[in-house]
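Reading the structure
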Amino acid sequence: MRSSKFGNIQIFIILITAIYLAEFFVMILLKKLSLPISIENFIDGLILVILIYPLLYLLAFRPLMYEIKKCKGLEEALYTSNELDKYLLKTIPFGMDIVDQYGNIMFLNEKLEAIFGKEAIGKKCWMLYKDDKMQCVDCPLREEIKVGKTKTIEAKDVLGGKVFQINHTGMIYQGKKAILEVFQDITERKLVEEKMKEVVELKSEFTSIVSHELRTPLAAIKEGINLVIDGSAGPINKNQEEFLGIAKNNIDRLARLINDVLDFQKLEAGKIEFKMEENNINDIVRDIERQMVSLVSKKGLKLVVNLDNNIPRIKFDKDKITQVLSNLVNNAISFTEKGNITITSVCQGNNIVLGIRDTGIGIKKEDMPKLFQAFKQLISAKQRKIGGTGLGLAICKNIVEAHQGKIWVESEFGNGSVFYFTLPI
């Protein structure tokens, strides 16, 4: 491997060779002047030149030429690199500048130079760009510049009321710490986002109003049917009781759908208050067991409960976690035709893990990403035998995450599913 520096050995050889060459040429000069010189000295000088010149070439001049070529190659590479940098700067579709640690502009690309001109160099960037001529509150220049560190901010009221996303990257420029700023105009995107936000808020408000307005007449209808069924309005026959029972079940179902929509809207808007009180999660599971046992029996299924009795009491919203468990167990019963529904609780590290296992149809791999999404049903409306809004699992997810927990599913199509959720201890 060749040395990248011209070493002391080569310099020494050049000096020695120069001395011998000088001596040889002096002898030639003396001979031409017919001054006395021994033939032995002349031959010695000639031999030294013949021997040392090749060594001089191999050990001194050849490495020197290599270094010269190498420097020329580096110079060409640097020129190519600079030309590439200039080309890249021209192709960047956004305004770009480089500022020093005091905010003084050191460089402008063509897009910004076309607006402000070369005289912008040396001026404060905020004096040039900001409508109020004030430095941004979250400007990275308020902190020490760290080379390679990137920070993105949104700046309002820039270049005439526009909104810009500015990416800042610490760098070294002209031997100084500096920041590369890349400006992207996001004014139109922000306007669209604001409009979308308004539409979502209007939709939520409309849904909430309609749902509340439906609740009142539904409650009155349900109460009237109950009065007729229990005989308060007079005697009824079996056929009438059967039809009224069907009507009552559908009213209850409609009420649940309305409640789901209202709950989801409130959870999404963060308007639901959670009553965090110390409870035993196993007590909630036992309550669910008592409520579901008749429904499970009607389908010919078996409800199994395996609880860890060493689980500590923790703080959670009793009604909301009951809603989660009830929803998950109801789903398990609805999609299971034979076998068992198993509810488990266990302590794992700093969490209590609850599981609801079924022996139902399971979930296809391609359908897994749809779970826990609002208004998503895994079965089409024509194929579906079980009603619902598709909000149940989305509501469960919101409630569990509001408790700082996690919810997920493990399933294989044709071999049942297990829904898990955690509550922190």
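Up top is the structure these notes are about.
Residues numbered from 1 in each chain as written. Predicted model: local features only at pLDDT ≥ 70, side-chain atom pairs only at ≥ 80, totals over all residues. Heavy atoms only, no water.

The subject of this paragraph is a nonpolar patch on the surface. A surface patch of nonpolar side chains, about 270 Å² in accessible area, is lined by Phe206, Val210 and Leu214. Following the sequence through the fold, Val210 ends up in helix H5 (residues 187-229). With a relative accessible area of 32%, Val210 lands in the partly exposed category. (Patch = residues over 30% accessible without salt bridge, like charges linked within 9 Å, V, L, I, M, F, W, Y side chains within 5 Å. Areas by Shrake-Rupley, 256 points an atom, 1.4 Å probe, with all protein chains shown as cover. Salt bridge = Lys/Arg side-chain N within 4 Å of Asp/Glu carboxyl O. Helix = DSSP H or I, 4+ residues; strand = E, 2+ residues; numbered from the N terminus. Buried < 20%, exposed > 50% of the residue type's maximum accessible area, 1.4 Å probe, protein only.)

Taking strand neighbours across the sheet as the criterion, the five strands line up as S7-S9-S10-S12-S11 in an open arrangement whose pairing is mixed. Taken across any chain shown, the strands that pair with only one partner, and hence form the sheet edges, are strand S7 (302-306) and strand S11 (407-411). Each strand of the sheet is rotated relative to its neighbour by a mean of 15 degrees, with strand direction disregarded. As judged from the eight bridges shared by strand S9 (residues 340-348) and strand S10 (residues 351-358), these two strands associate in the antiparallel manner. Considered in S10, the bridge of Ile343 is made with Ile356. The strands that helix H7 (residues 281-298) touches are S7, S9, S10 and strand S12 (417-424); relative to S7, the one it contacts most, it runs at about 170 degrees. (Pairing = 2+ DSSP bridges. Axes fitted to C-alpha atoms, helices over the stretch in contact; angles between N-to-C directions. Contact = heavy atoms within 4.5 Å.)

Next up on the list: the environment of Thr344. With respect to the helices and strands, the residue Thr344 is situated in strand S9. Residue class for Thr344 comes out partly exposed when judged on its relative accessible area of 28%. For Thr344, the contacting residues outside a window of four places in its chain are Asn306, Val353, Leu354 and Gly355.

Another aspect to go through is the environment of Lys162. For Lys162, the location among the structural elements is in strand S4 (residues 162-173). With 32 residues separating them in the primary sequence, Lys162 and Lys130 have C-alpha atoms 9.6 Å apart.

A few words now on H7. An ideal rise of 1.5 Å per residue puts 26 Å on 18 residues; H7 measures up with 26 Å between its terminal C-alpha atoms. Taken residue by residue, H7 has Ile281, Asn282, Ile284, Val285, Ile288, Met292 and Val296 as its buried positions. If you check the start of H7, you find a side-chain oxygen 2.9 Å away from the backbone N of Asn282, and it comes from Asn280. One or two residues past the end of H7 sits Gly300, with phi positive at roughly 75 degrees. (Expected span 1.5 Å × (residues − 1). Polar contact = N/O pair within 3.5 Å; in protein donor to acceptor, adjacent residues only side chain to side chain.)

On to the packing of H7 against helix H8 (residues 318-334). Between H7 and H8, the least distance of the axes is 10 Å, while the angle of their chain directions is 35 degrees. The two elements H7 and H8 cross, and the hand of that crossing is right-handed. Along its contact with H7, which presents Ile281, Ile284, Val285, Ile288, Met292, Leu295 and Val296, the element H8 presents Lys318, Ile321, Thr322, Leu325, Ser326, Val329, Asn330 and Ile333. Of the residues assigned to the contact of H7 with H8, the class counts are eleven nonpolar, three polar and one charged. (Left-handed = near helix turned anticlockwise from the far one by under 90°. Nonpolar A, V, L, I, M, F, W, Y, C, P; charged D, E, K, R; others polar.)

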